Every structure is written in structure tokens, then in C-alpha cells.
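Next come the chains, spelled out residue by residue.
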Amino acid sequence: MATKSKPSITIEKCALGSQNRFEAEEEPPGETVTMINPEDKPPSSIAVSGYDALKCVPTSTWKDWKWHFRNRITNVDQLSQFIPLSFEEQAQLRLVTMRYPMSVTPYYLSLINPDDPDDPIRKQSIPSILEITLGMMGCEDPLEEKRDSVVPGLVHRYPDRVLMVLTDICPMLCRHCTRKREWRNGNWVRNSDEIEAMVDYIRRHKAIRDVIISGGDPLTLSTPHLEDIISKVRSIQHVEIIRIGTRFPVVLPQRIDDELCAMLSRYGPIWLNTHFNHYHEITPEAAEACDRLVRSGIPVNNQSVLLRGVNDTVETQLKLCQGLLKIKVRPYYLFQCDEVQGTEHLRTPVEAGIKIIEGMRGHTSGLAIPTFVVDLPQGGGKVPLQPNYALSQTKEELILRNYEGRLFNYRNPRGLSLRGNGYRNGRRASPRPRWPLGDSRQLVLPVGAVDADRVVVRS
Ligand code: SF4
């Protein structure tokens, strides 16, 4: 990140003491130490200099994902080159990062409006003092993933699916991460013996038909290393599909290069689940990455997390989900933010998610509406939550509410056999039941239905 003006930035690569066989690939691609002198300039002009430096990065360098990875912003001195920070804010950030580290790619940083303290990209990537002042709320491992680990790195909770956690390294450390507990354990990548143990377990359990490869972020591994693992999983006959969970298309889309896509296309069917949370993340680079994946035969789904002050309005979710469809990414899940220590300030009441879905339904294509789910504590699994559209139900009929709040009677079919259902020889034998609402449709106004698209939901 060369720049003529101060602050100067130098890069020092740290060779990893990795146990894996791909050291020649320098995996992950090194670490950065950025040297600045905070005395150089007052914070705001330093920040302007930082963004100027980003603009000066040559296009070929900007397209190099390893350059972004090596130049991640990981400490307060580096950050203050880009974002105006008071001395109090700097002190708070130093305190937070002692417990919960920071890592932001230059690409993702470039999406932040440095003058907006409430910027949705900033809230996802820059630590907040609330991570420790509210730090006693929640649990370290609310989903109890450790309990369900059958061999190190392999979680087997549902009969036909397993989760392979290959590494705890991510290009960006998202402030709402469910696996925040892993951040203190140092950077690790599963070694070849551990991978063999996972593959062996999958091979011996024939009910497993779906393997989810996740992390950390599995795409921090080099493409040859990833291919080595994927090819082993693919060689198991009873494995039908492989899913990859990654945030690279959002935080470092340059990683989705031709080499990676060509490799993935050899081991299909592979599905890729990514994690856009705000429409500001849908950039030309991100769109190009998703397009490259889709053209390589890899469907892309989105799993977003509902975050206070980031995407907790109907308007934001509509823009996000409609924007995703435009880049051929299907909105799949909207997760209630898990009860993880250090994330309380970003969590919303469950009602917020339900009201957002209610505000979207009917106002946009069903394809643009994700399923709102709560991942239950203690490994209870995912529960979808929906607005209630069925106001009453008997064996004969339901009273249903549509998105405008209008009520409708709906005759409830009783299966293929028409006997004993008011029918004889396929014809209705008894008079048609009298609909409680009569023939005219009544307009009622349930709370939250009307004008729900304009509701801003905050607790
Ligand atoms: S990419 Fe996923 S695993 Fe990595 S920090 Fe973000 S939320 Fe956590």
C-alpha cells in the first residue's frame, strides 16, 4: 500500500509455523505489520490520508486477494489512518481488542463511510466498547458445537449432515460472530491427520449425505489445499452434496478467482452459502465474484444475520434481498443473532425479525424473502419463525389473513377420500357450511400488517 504522503505503511510477512503440507503456498498468505506514527497528524486528517492511500493502490494489486489478506487492519494505530477516532475511542478500542481482536480487509474497509459512526459496514467490522461492557450477557458457545464434535473439527448433530471446521482463520472478524470464542485460541488450520480422521468418520457413517465445509473461513486455505480436502470428501460414495460456508464474496471477493471456480466445478454438486448483511456490501466486485461462481455451476445462497442498527428495518432488508436477486444470489436464511458473549449490543428482539418478514411478504417476490430462523441454544437446531397468517383452523376451514390484513375463509380439503367429509359420490351431501365472515371479505387491521413496510423496528 505505497503512498507518497504520510503515514507510511510497511508490510512484514510472518512465516506460519503451520503443520500442514502446503507451507510453500504460504497459507494463509502472511500477516501485516503496519507502521505509522500517530503523532504525525491529528486523527481526522490521518484518516483522509488512509483513504487516499487506498485509492493509490494499483488495480492489479487491488485485485490480488493475498495482498488484501496480508494488509488486513488489525490494530488501532492502523485503523486511525482511515477512520477519525478520538483519543477516548482509541483507548476503548485498545481495551476491546485485547479480548476480541480486530481484522478488516482493505477492500471491506473501503466500503465504510469514515464520517458516519453508524455506518452499517463499520458496525460489523470495527469493535465497540459494548462488546466488553455487556460482555457478561450470553454464552461463549450457545449452540454447544463442542459437545457435538465427534472428532476434532467435525460436528455431527443431524443424522444426514456434518460440519467440517477446517480453520479458525477469517479474513475479517465479524463483530457478531457465533464463534467469537475461537478468536483467542490463535490461528490454526487442521492438519492432515485431523482431516483424515474427519474423512474417515464420514466414510464410516453411511447416513451422511451432506457435508458442510466451514470455519473460520475455509477459503483462507490455498486452492490446492482445499482441493485435496474436497476431493477426499467427494470420493465418498454416499456424500451427495458439499456445501461451503464462506464470507469471502462479501469481505474479499477477489478470492473468488478463476482457479478456485474451476477447481470447485470439478467436484459438484457444490453449493456455496455466503453472508451479505447490508446492501452496501453488494458492490461490482461482489457481484462479479457471485457471477463467476454461478457460471461455474455453483449455486449461491445468502445467510444473513439480523443486526441492530445494521439491517433491522424492512426497507434495508428489502434493498438487500432484492439486490441479492439481481446478482443471482438467493436470500436463504435471516438468522436471529445468536446469544453469544460480546454481541449483545447487536442483538434485536425476536419480534423485530417477524415484523420484518411481515413487512416484506406481499411487497416483493417470495424469492426475495428469507426464512427467519432462531438457532436454538444447547444444540436444539433451527426453528423458523413466521408472522401468523392462520387466525383459526378447524377440520373444515381456516381463517387466513393476507399481507394487507384482509381475512379470508379457506375450505380445508380432507385428503383424497371424500367419505365422511360432507361428500357422497364426490358431491357435497350436506349444505355448504356458513362461513363465519359471510360472503363479503372483511378488512381488519392487525397490528404490524398495515404500513409494515415502513416500520422501523428497534427495541
Ligand atoms: S466470516 Fe463467519 S466465522 Fe468468520 S468471523 Fe465472520 S461470522 Fe465469524
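A. Focus on the nonpolar core. By size, the foremost hydrophobic cluster in this structure holds 70 residues, and its most contacted members are Tyr108, Val162, Met164 and Val211. Taken together, domain 1 (23-133) and domain 2 (149-384) each give at least three residues to this core, which thus spans both. Residue contacts for Tyr108: discarding those within four places in its chain leaves Ile121, Ser125, Met172 and Val251. Core analysis: the second largest hydrophobic core is formed by 14 residues, Val305, Leu306, Leu346 and Met360 among them.

B. Main features of unusual backbone geometry. For the peptide bond that leads from Gly215 to Gly216, omega is 25°, which places it in the cis range. By the secondary structure assignment, Gly216 is in the loop between strand S4 (210-214) and helix H10 (223-234). Positive phi outside glycine occurs at Lys328, with the angle close to 65°. Mapped onto the secondary structure, Lys328 falls in the loop between helix H14 (314-326) and strand S8 (330-336).

C. Seen up close, the sheet that holds strand S7 (residues 300-306). Reading across the sheet, the 10 strands line up as S1-S2-S3-S4-S5-S6-S7-S8-S9-S10 and stay open at both edges, with mixed pairing between neighbours. Strand pairing shows two members of the sheet lacking a second neighbour, strand S1 (149-151) and strand S10 (381-384), which therefore form its edges. One ladder, built from two bridges, connects strand S2 (residues 154-155) with strand S3 (residues 161-165); its direction is antiparallel. If you follow Val155 over to S3, its bridge partner there is Leu163.

D. View of the site of the ligand. As a structural note, the neighbourhood of the ligand is formed by Cys170, Leu173, Cys174, Cys177, Arg179, Gly215, Gly216, Asp217 and Arg247. Its residues assigned to classes, the shell around the ligand shows four nonpolar, two polar and three charged.

E. Highlighting the sheet that holds strand S11 (residues 390-393). Strand order across the open sheet formed by three strands is S11-S12-S13, with antiparallel pairing between neighbours. For this open sheet the edge positions go to S11 and strand S13 (407-411), each flanked by a neighbour on one side alone. Sheet twist, expressed as the average angle between the axes of neighbouring strands with direction ignored, equals 20°. Two elements, strand S12 (residues 397-401) and S13, share five bridges in a ladder whose sense is antiparallel.

F. Local environment of the pairing of S3. Among the five residues of S3, four are classified as buried, and the element is accordingly described as predominantly covered. Where S2 folds back onto S3 in an antiparallel hairpin, the turn is made up of five residues. In the sheet, S3 pairs with S4 via five bridges, with the strands oriented parallel. Paired with Arg161 across the strands is Asp210, a residue of S4. For the segment spanning S3, helix H9 (residues 192-204) and S4, crossover handedness is right-handed.

G. Local environment of the packing of H14 against helix H15 (residues 350-360). Orientation of H14 relative to H15, taken along the N-to-C sense of each, is 60°, at an axis distance of 9 Å. Of the possible angle classes, the one that applies to H14 and H15 is oblique. Here the hand of the crossing between H14 and H15 comes out right-handed. Of the residues in H15, those in contact with Val314, Gln317 and Leu318 of H14 are Ile356, Gly359 and Met360.

H. Representation of the environment of Met198 in the model. Topologically, Met198 is positioned in helix H9. Given 24 C-beta atoms within 10 Å, Met198 falls into the buried group. Sequence-distant contacts of Met198, that is, excluding residues within four places in its chain, are made with Val151, Gly153, Leu154 and Met164.

I. Focus on H15. Burial analysis of H15 places eight of its 11 residues in the buried class, which makes it a mostly covered element. Of all the residues in H15, the buried ones are Ala352, Gly353, Lys355, Ile356, Ile357, Glu358, Gly359 and Met360. Following H15 by one or two positions, Gly362 has its phi on the positive side, about 90°.

J. Examining the confidence of the model for the protein chain more closely. Across the protein chain, pLDDT averages 84, with 80% of residues at or above 70. Confidence over residues 32-46 falls short of pLDDT 50; this stretch has 31 contacts with residues more than four positions distant or in other chains. Scored below 50 in pLDDT, residues 438-459 shows 39 contacts in the model against residues more than four places distant or in partner chains.

Reading the values: the criteria
- Residues numbered from 1 in each chain as written.
- Predicted model: local features only at pLDDT ≥ 70, side-chain atom pairs only at ≥ 80, totals over all residues.
- Core = buried A, V, L, I, M, F, W, Y, C linked by C-beta atoms within 7 Å.
- Buried ≥ 20, exposed ≤ 12 C-beta atoms within 10 Å, placed from the backbone.
- Domains from an automatic or database assignment.
- Contact = placed C-beta atoms within 7 Å.
- Helix = DSSP H or I, 4+ residues; strand = E, 2+ residues; numbered from the N terminus.
- Pairing = 2+ DSSP bridges.
- Near = placed C-beta within 6 Å.
- Nonpolar A, V, L, I, M, F, W, Y, C, P; charged D, E, K, R; others polar.
- Axes fitted to C-alpha atoms, helices over the stretch in contact; angles between N-to-C directions.
- Right-handed = clockwise from strand over helix to strand, strands pointing away.
- Parallel < 35°, antiparallel > 145°, perpendicular 65-115°, else oblique.
- Left-handed = near helix turned anticlockwise from the far one by under 90°.
- pLDDT = per-residue confidence, 0-100.

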